Amino acid sequence: MRPRLRDALELFLAVSAPGAGGAHLYMPWWLDNKKLDFPRGYHIELGGGKRSAPGFGFMGGIQRFNGVGGYGKSLKDDYRRFYGATVNFAGRGEMIPNDDTYCEIDPAVVDSYGIPVLRFHARFSEHEVQQAKHMQETFREIIHEVGVTRMGNDPSTSVLNKNCQAHDVKNVFVADGGPLPSQADKNCTWTILALSMRTAEFIADARKAGTV
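Parameters at a glance
Residues numbered from 1 in each chain as written. Predicted model: local features only at pLDDT ≥ 70, side-chain atom pairs only at ≥ 80, totals over all residues. Heavy atoms only, no water. Helix = DSSP H or I, 4+ residues; strand = E, 2+ residues; numbered from the N terminus. Buried < 20%, exposed > 50% of the residue type's maximum accessible area, 1.4 Å probe, protein only. Contact = heavy atoms within 4.5 Å. Patch = residues over 30% accessible without salt bridge, like charges linked within 9 Å, V, L, I, M, F, W, Y side chains within 5 Å. Areas by Shrake-Rupley, 256 points an atom, 1.4 Å probe, with all protein chains shown as cover. Salt bridge = Lys/Arg side-chain N within 4 Å of Asp/Glu carboxyl O.

**Q** So what exactly am I meant to see when it comes to the overall build of the protein chain here?
**A** On a plain count of helices and strands, the protein chain comes out with five helices and five strands. Each helix (α) and strand (β) of the protein chain, taken in turn from the N terminus, gives the series α-β-β-α-α-β-β-β-α-α. A total of 212 residues make up the protein chain; the buried ones form 33% of that total. Partitioning the intrachain contacts of the protein chain with sequence separation of at least 6 by distance along the chain shows that 55% fall at a separation of at least 24.

**Q** Whenever I open this one, the environment of Asn 171 confuses me. Can you help?
**A** By the element assignment, Asn 171 lies in the loop between α4 (126–142) and α5 (189–209). By relative accessible area, Asn 171 is classed as exposed at 59%. Between the C-alpha atom of Asn 171 and that of Thr 211, which follows or precedes it by 40 residues, the distance is 9.3 Å.

**Q** Would you explain a nonpolar patch on the surface in this entry?
**A** The grouping of Met 95, Phe 124 and Val 129 at the surface amounts to a nonpolar patch, some 290 Å² of accessible area in total. Within the secondary structure, Val 129 is located in helix α4. A relative accessible area of 43% means that Val 129 is categorised as partly exposed.

**Q** How should I be thinking about the pattern of salt bridges in this particular structure?
**A** Side chains bearing opposite charge may pair, as long as their charged atoms lie close to each other. Scanning all chains against the criterion turns up seven salt bridges. Glu 45 is the salt-bridge partner of Arg 92, the closest N and O atoms lying 3.6 Å from each other. Note that Arg 92 is positioned in strand β3 (residues 86–93) and Glu 45 in strand β2 (residues 42–49), a separation of 47 residues in sequence. A relative accessible area of 44% means that Arg 92 is categorised as partly exposed. For Lys 133, the salt bridge goes to Glu 137, with nearest N and O atoms at 2.6 Å. Residue Lys 133 and its partner Glu 137 are located together in helix α4, separated by four residues, close to a single helical turn. If you follow the salt bridges from partner to partner, you end up with Lys 73, Asp 77 and Arg 80 in one network.

Right, here's the structure in full:
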């Protein structure tokens, strides 16, 4: 994972928990456009928590999760399926001006006072298409069930040490699925619980010793 993406996600995982919501992180543009197929760049806003889950009733947002909305039993089943803590990414990119994106005086439409109104024209160029593609690929690179903040002895290949403590920031600990370098075919919940307890005990001992 790219270093700055890794650092931002590490911070997000460290300060967020299921049930917390409302805040978000801001990740500024970090790449060299000379190596990309589009000019300028974009920033990423990372958020999450219970408030990102669909609500109930009109405009509850379920269509953002199941793609169709719904009614009756299937709608209730989808709410049960999708409700919970979530993580979301929003990419805000810069659009390059082009000849097909402009406004002009509408030759036929006027407002209630008889004043001509503006008519807008807009079209994305290949620059914006490639930028959006890069956003999607970046988001997919960030999201993993395990291994995002992997543990290891070598800071050049791992984010955390064996105690789930950040190599670079000693008072940052990640006690979820991130430290696991890999996963086979079974749910990793029990391993997460075991590592969390082990990490909590390490933090308690370190606090007593005054090392963190």
